[in-house]
Every structure is written in C-alpha cells, then in structure tokens.
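Structural characterization, general
Here is how the chains run, residue by residue.
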Amino acid sequence: MDSPQKCIEYRDKQCITPALESMAKNPEYCFVMENMLNLMEYIERHPDRKADILRFTKDGRMEWGATFNQPYESLLSGEQLVRQTYFGRKWIKKNFPGCDAAVYFNPDVPGRALQMEQILSKAGIPYMVISRYHEGFYRWLSPDGSSVLAYSPGHYGNSASMLNAKPPEGRRAIADKLGQWGEYYRTRRIPPEFPLLNSVDFSKPADFGGLINLWNGAAKSAGGRQASQMQYSSARQFFEAISKNNPSFDRVMGERPNLWLYIDGPTHHWAISAQREAAALLPAAEIFSTVRALLEGSFKNYPGPAMEQAWLAAIYPDHGWGGKEGQITDRLFRKKYELARDMGLEMLTVALEAISSRVKTAPGRGFPIIVFNPLSWPRTDPATFTTRKPRAGFSIQDGQGKVALHQVLPPLVDQDPEAVRVEFIARDVPPIGYKTWYLVEDKAAKPDQPPGPWSARFYENRFYKVEFAPGGLKSVFDKELRSEILDTQKFLGFEVFTMQSVGSGAGEFGRVQQPTMEGFDKLSAHKTPWAFEPRESGPVKTVFRMNQPLSCGTIQVEIIVYNEIKRIDCEVAILGWDGSPYREFRVALPVAAPGGQVAYDVPMGIVEVGKSEVQGTGGPAYGSLVYDEPCSQIRPREVQNFLSAGGARFGVTMSTSVAVNDYQDPTTDPTGYPVLQAVLLASRRSCHGEGNWYLQEGDHTFRFSLFSHAPGWQRGYRRGIQANHPLVAVVNPEQKNTAMLPEQKSFFSVSADNVLVSTIKKCEDDNSVIVRIYDTEGLDSEVQLISFVPMEKAELVNMIEEEGKAIPSLKSGLRLRVGHHAIETLKLKPAKN
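This one's a predicted model, so the numbers in the text were calculated from it and none came from an experiment. (Residues numbered from 1 in each chain as written. Predicted model: local features only at pLDDT ≥ 70, side-chain atom pairs only at ≥ 80, totals over all residues. Heavy atoms only, no water.)

This part is about the pairing of strand β35 (residues 698-709). Sheet topology note: the strand β24 (residues 568-577)/β35 ladder contains eight bridges and is antiparallel. Pairing of W577 across the sheet is with G698, part of β35. Note: strand β32 (residues 651-656) against β35, six bridges, orientation antiparallel. The residue bridging M654 from the neighbouring strand is L706, located in β35. (Pairing = 2+ DSSP bridges. Helix = DSSP H or I, 4+ residues; strand = E, 2+ residues; numbered from the N terminus.)

In structure tokens:
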C-alpha cells in the first residue's frame, strides 16, 4: 500500500490508536491486528500504551496474530516458519504476561505449505484465518495428522460491503447470507455462530453500533422468533464458540501451491538468494555455537542477541513485495535478508574457529584443514579452502595419510597473489561433525594434471559418458545404471531458453500467469560451441564453458563434471542483463522418463506431484475471480532444495539454487516426459497501479547439480540437500594448549536415515539444548539421538519450547518414536561435569 515507514505510521494513527480509543469507550468493542510485527512496531513508537494493550489483550478484546507476519509459506525454510511462531505467540507470552495468541492470520496469500498446520498446532496455535479459498470451515491437516481449525470467507473482503452498508440494507443482506448457510451448518452439526470479517486493504476500526442495535432490536421485537444476536468478537472467541460439541468440519490436507510465486525468486533474485543462504547458515550457526558452548561448559559465548537479530531479519519480508513506493520496500527486504545471511556466516565462522582450536592435530604433518559438516548424515562432497601458496608441490592427506585428490583453482579477481584456492573431495565427513586433512608440502608431488583431450563432443569418466551439443548436453549416459537419463528431442540438458513473461507476480488472477511463446529463443538455436577449460580442470573436476550473446545480455553456461564423485554441476550466468520488460529465462533438464513421478522438497516435507496437494481447486473468491485450476496442476512450484523425477529404471535429482521451479514443458506443444526447470529470472511489474517494475538489471548467477541414482526420490534427496549446504573448511586454526578433540568427530547424529536434524540451539528460556528433528520419508521410526555429551534430562516439548513431557534419556543420548511426517522438538539438559 505504501513504503514500510508510511505503513507503520498508518497502522499507528489510523488503526491501532483509534482501536484503543474505541475499546476504552465501548467495553464490547473488539479489534484484531493480523501479526505480531504490528505490535512490536507500535510499542516501539508508543511504549506508554503498553498497559492499555496488555489490559485489552488480556480481556480478549484486542487480538494479535500468532505469527510474526504473513509470509509466503513455502518460500521460507522450515526453521524460518518455526521462527514465525517464536516471534509471534512465544513473543507476546513473554513480553505481555498473561496474554496469548491463538490464531494464525494469512488471508491474502493463495498458497499453503504442506507442514504449516503441524508447525502451528505444535506451537499451540489451534486456529487459522485464510481466504482466497472456498468459503467455509475446515479441519486443515498436515500429513502427520496434526491440524488446525481454519476459516475462509472466500475472500477476506466479502463481508465488508454488508457491514459497511446502511444498517437496514446491511441487515437484509446478512439475513439472506445466514439463510444460505443453514443447510451447511445443519449437515455438519456446526453451532449456529457465523463470522462477519470486516477486512479491506488498509482497513480502519469501524463503529457497527447502528447495525448491531438494529439487528438485536429486531430480534427482541420478534418475541424470540429471531434467535440470533450480533456482537463484536475476536477471532479466537468465534473459533471457540464454533468448536463446541465436536462438529464434523470438512477435512483438507496437502500443499496448496502458491499462485503468487513469481513475486519472490524470479522477480527478486538477489534478495531471495540471500534468503535461501540465510536459511542454511543460521541453523548451522546455531548448531555449532551450541556445540562450542557444550565444549566450553557454558553458554556465555553463545551469540543469543545476535542470533535473535538475524532470525528477525530472516523472516522480516512478508508477502508485500513491490506496491506503491515498491522500490523502497524491495530494497529494505533485500537488506534484511542480506543482513541475516551475513550475520549467519559471521556467527558460524566464529563457532567453527573456536571448535577447531580444540582439535588436537598432528604436529609437523602440515597445515591442518578441518572440514565441518552441518547436516545430520555422513557425506562425501567437494570442499574448498584458501591458504598461503606452498613453496613447493603439495598433497592433501587425511589423518591416516591417505591422499585425497585435489586441484588448484584459478585465482579470484581480488585474491591475494600469495594465496591459493584448493578444491578436494572430502570423504566421509561425520554427521554434525568434522574431519581433519593436512596440506603436506612435498617436493616430489606432481602438479595437477588436467584430464586428457576431449573430442569436442564427448567426455567420459567412470560414472558418466557425456555428449555435448551446441546449446547444452545432448546425452548423459549413466554407466552404473546403464541408462540414458536425458531425452533431448526438444530441449538439451541444462539448456537456457527465454519466453515472454507478462504478469505482476501477485494480484487478482485465478491462475499463475504463465509465460508465452512470443520471442521464444533457446541456446541450441545459436549453434554456439563448447570450450574445454584447462585452467579450471584437473583430477577433481573437468570444466566446459559456453558463452552466447543475446540482444538483452550474455548467457554463460558452465558444465562441471566431477571425476571422483557421481555428480555433474551446471553454473548459469546472465551477464549484463538489460532489464527488458516482460522476459523470462529458464534452464531445462529433460528427463527420459515418460510419465515419470516428480517430487520436490518443501519446508520440512516432500511433495509428490499429483499426490500431495490439496484436492480440488481453490474455488470462488469474489465476483468473477475464481481459483478454478486443480491444486495438483498448479505450476511452477516453490522448492526448497531439489526436484526429482524418474521411472522404473532410474531416478534423477536436480538441486536448485532458485526458489521457483517447474517440471512440465511450458511451451505450446509440451513433451510427455518431465522437464525439470529452474525459473531464473522474470522481469514483471508490481500489481499496484503506482508500483515498480522488477527489472533487475545487472549480472545474475545460478548453480544446479545433477545426481542420477536408483529409482525413487528417496535415493537422491540427501544429495539434493547437500548441494545447497556445502562443507565448510577451517585452515590452520590456532590450537589451544588444552586441545583434546580427535582428528574427526560427530557431535550429534540420528540412527534413522529418514529422520533429519533441523537445528540444535540454546533454549530460549534456560541453558538447556533444543534439538528439532523431522521425518522426511513418511515412515514411523524408533530413533536414537546420539550426543557427544551425556544428558541429565530429556523432554519432548512443543514447537516453541514449552509444555515439556519427560522422555527416557541414555548416557549418550536418547531414544524416541518419531511418527510419519512428524516434526518433534526435544529439550535436553546436559549433565554437569
């Protein structure tokens, strides 16, 4: 509606302050603000009004939404969604004693994340107000069976015309409305309580005394024949009234793909890239800061205030990109995400250096390189580090003297001339732990040898035979599976193409605004040859590059074939992009699996396309606006880390660095096999009449990884996650005299392959340790959580670290049952030394 600062001022002067005055004058008056950020901003401006807000909120007449703001749910990571409840319900309970928040409001966004209801339910938030969905009341479930009671008015503004009409007209319209809903209520045994939500964009507190008096006066004069009474109410009061006597609410479960997803990644690439990096860095910083505290026997060095600031920044942007003065809003949102990313990296670096100083390395072996793994399973992946340039040849060796293949990378533009960047394959790095290698100077060591000459079309290693063609990969043959994994009849592998992309990202439309064929172009049409890059190639990887100038910029594509692990990376750059309006760029990976199953990850879950979505459509909203497309057919989709596709012979997993991805050929003559795609960039504009363009002129870079494996997404999803959570190396740390840690160690791990650790952190309320885990494969499991320090006490707590229930703990951890699709939060008290 306007710049963030002007919106803050408007909510103060036109919403919250008048609402407080209305409540002071009328003891029946109620008012709702949809999120907790509004309260935080208001109290910062008016600390003197805290007592009034406390009183009215305790009375149940002033209500605040139970989350920090109203996000695009599937854009955020699982932990970012959880922190919405930390800075929502948990925050108001802590800062306004005796107050609570029980309702999640997100009425504008036409999208629901698969696991959002479980997060809400396990955070003690039982109710949800949405819209842009069929009008009605729903028991909305997550796949584990947890649920919230949801209400949708169809569109959030539908009751405003009745409420704000002249009282006699409003009374007649409301009476007609109630008559239409009688059968719905009777067949579901719903108590006769009906909500009228007065909500429009930038709505102000309104006095409905005239309407209420007219309605209730008519009821009184009717001598009891008109039973209904009208009153002001909070959302919570309504939900509690409608929940009595166990009504039979319609049940809804699944992902409702977001129709407004173009407004995030494709139109705000730099900002959303920072958001995705922050989503990976902040849990890693929490985990290793907690490990450091446990090693030191104290949380005094745990960066609590900085962590809170970073998480607040990581969830600050809501669904309000663009709009009037949108360039101001978008700049602030990007800065928030970049602040969260940078703080996460800084806190992670400090923690890793502190832990590394406690590792007892072998004296005289060479420079130690301690490689950390923030994920909860062992992994073998590339690791990169920078150190001073050795005086002679060198090798990379582990603690047992086993040599790891390495290669020296070309220097960066601003790299110290006395420094060298090295990449090697770090094998078997323990879960949530580290492993030590050494850079050993060796005059006899031979310099890196690039691979032998290639034929200008083919490259082959022990995993793949790759055929190049102008514009992309003609073939990728998996030698282990004896299968061709690409179908390149229409698109080549990792081929970039462009289409017209008219749209606003968000707005009053019933289907995603799809790209069209006007101006369609693809790299294979330009016959650009590939070049082998000897300076970037070596024993670890072999690199090929292609550059294609277009009228709007230059497309650069690099194919990186790893020689010691089964992985092919693709790096795409759009250089000198001129911001031409209404253009879109995608990169394609056509999978040779006709009719193959597609799956991708969402916050703390997996969506299988055609199986995991909400059944049916979104339904009518208002007027001619109808969400008429079945949810299972909505595309593109918001993706966390990877997409997977395959059939009976093999599976393919593609990790992605972008938020918006597709799996179906978007052209007018689509293929019958999956075409995995990343939507790189789209130059659309704000839906606001005075809004800004999302042109994003400049340079943009993207990275993807291809993994082929046995059939089933379950065989590849870990590698898809790994590619977005790189190993982190600490080189030659300053060693403490008291260093006693071994050369490799796992600090925490879980016994079940299907259960992943989301974060490990300091408890918000005391010096306990919080561990959050979740099942990702839909399996019931008996799980052992293994800890490197003994635990004196263990509790199963809710999502915001409250309401603990004791569970048995063992000396080295604990055992518990984790249900299918469940997210569980554990509170552990370390044993005293």
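Here we take up helix α7 (residues 167-180). In a regular helix each residue adds 1.5 Å, so 14 residues correspond to 20 Å; α7 covers 20 Å between its end C-alpha atoms and thus fits that length. Listing the buried residues of α7 in full gives G170, I174 and K177. In an axial view of α7, the angular spread of the buried residues amounts to 55°, which keeps them on one side of the axis. In α7, those exposed residues whose orientation departs by more than 90 degrees from the buried face are R172, D176 and G179. Elements that come into contact with the buried residues of α7 comprise α6 (160-163) and α9 (209-221). (Expected span 1.5 Å × (residues − 1). Buried < 20%, exposed > 50% of the residue type's maximum accessible area, 1.4 Å probe, protein only. Arc of directions from axis to C-beta. Contact = heavy atoms within 4.5 Å.)

The subject of this paragraph is helix α11 (residues 269-296). Between its first and last C-alpha atoms α11 spans 40 Å; for 28 residues at 1.5 Å apiece the expected length is 40 Å, and the two agree. Looking one or two residues beyond α11, the residue adopting positive phi is G297, at roughly 75°.

A few words on the sheet that holds strand β17 (residues 472-478). A sheet is described by the order of its strands in space; here four strands give the open sequence β15-β16-β17-β18, paired in antiparallel fashion. The open sheet is flanked by β15 (458-460) and β18 (483-484), the only strands paired with a single partner.

What follows covers the sheet that holds strand β6 (residues 147-152). Read across the sheet, five strands follow the order β3-β4-β6-β5-β7 without closing on themselves; strand pairing throughout is mixed. Lying at the two open borders of the sheet, with one neighbouring strand each, are β3 (103-105) and β7 (250-253). The average undirected angle you get between the axes of adjacent strands in this sheet is 30°. Here three bridges tie strand β4 (residues 127-129) to β6, and the two strands are oriented parallel to one another. Each bridged residue has a counterpart across the sheet, and for M128 the counterpart in β6 is A150. On the sheet, helix α10 (residues 235-242) packs against β3, β4, β5 (136-141) and β6 and is oriented at approximately 120° with respect to β4. (Axes fitted to C-alpha atoms, helices over the stretch in contact; angles between N-to-C directions.)

As for its position among the elements, Q640 is in the loop between β30 (637-638) and β31 (642-646). At a separation of 3.1 Å, a polar atom in the side chain of Q640 contacts the main-chain carbonyl oxygen of S74. Discounting residues that sit within four places of it in the chain, Q640 has contacts with S74, L75, L76, S77, G78, R276, D601, V602, P603 and N724. (Polar contact = N/O pair within 3.5 Å; in protein donor to acceptor, adjacent residues only side chain to side chain.)

Another point: the pattern of salt bridges. Summed over the entire model, instances satisfying the criterion amount to 54 salt bridges. With a closest N to O distance of 3.9 Å, E564 and R427 form a salt bridge. Highlighted residues: E564 in the loop between β23 (553-562) and β24 and R427 in strand β13 (residues 419-429), separated in sequence by 137 residues. Residue E564 is classed as partly exposed on the basis of its relative accessible area, which comes to 25%. Owing to a relative accessible area of 32%, R427 belongs among the partly exposed residues under this scheme. (Salt bridge = Lys/Arg side-chain N within 4 Å of Asp/Glu carboxyl O.)

What follows covers the packing of α7 against α9. Contact geometry for α7 and α9: axes closest at 9 Å, N-to-C directions at 60°. Judged by the inter-axis angle, α7 sits oblique to α9. The handedness of the crossing between α7 and α9 is right-handed. Residue-level inspection shows P167, P168, G170, R171, I174, A175 and L178 of α7 in contact with α9, the latter providing G210, L211, L214, W215 and A218. (Parallel < 35°, antiparallel > 145°, perpendicular 65-115°, else oblique. Left-handed = near helix turned anticlockwise from the far one by under 90°.)

Once that is clear, we can look at the packing of α11 against helix α12 (residues 304-315). For the pair α11 and α12, interaxial distance at closest approach is 11 Å and the crossing angle is 160°. On the basis of their axis angle, the class for α11 and α12 is roughly antiparallel. For the pair α11 and α12, the crossing hand works out as left-handed. In this structure, α11 contributes L282, P283, A285, E286 and S289 to the contact, and α12 contributes M307, A310, W311 and A314. When the residues that make up the contact of α11 with α12 are grouped by side-chain class, the tally is seven nonpolar, one polar and one charged. (Nonpolar A, V, L, I, M, F, W, Y, C, P; charged D, E, K, R; others polar.)

The residue after R635, namely P636, is reached through a cis peptide bond having omega 5°. Along the polypeptide, P636 turns up in the loop between β29 (625-627) and β30. Although it is not a glycine, E325 sits at a positive phi angle of roughly 55°. Among the structural elements, E325 can be located in the loop between α12 and α13 (326-356). For E325, a relative accessible area of 28% puts it in the partly exposed group.

Within the largest apolar cluster, 155 residues are counted, with the highest numbers of intra-cluster contacts made by W140 and F288. Those residues within four positions of F288 in sequence are excluded, and the remaining contacts are L348, A351, L352, I355, F372, N373, P374, I432, G433 and F747. Core analysis: the next-biggest nonpolar cluster, separate from the first, contains 53 residues, W530, I555, W577 and A593 among them. (Core = buried A, V, L, I, M, F, W, Y, C linked by side-chain atoms within 4.5 Å.)

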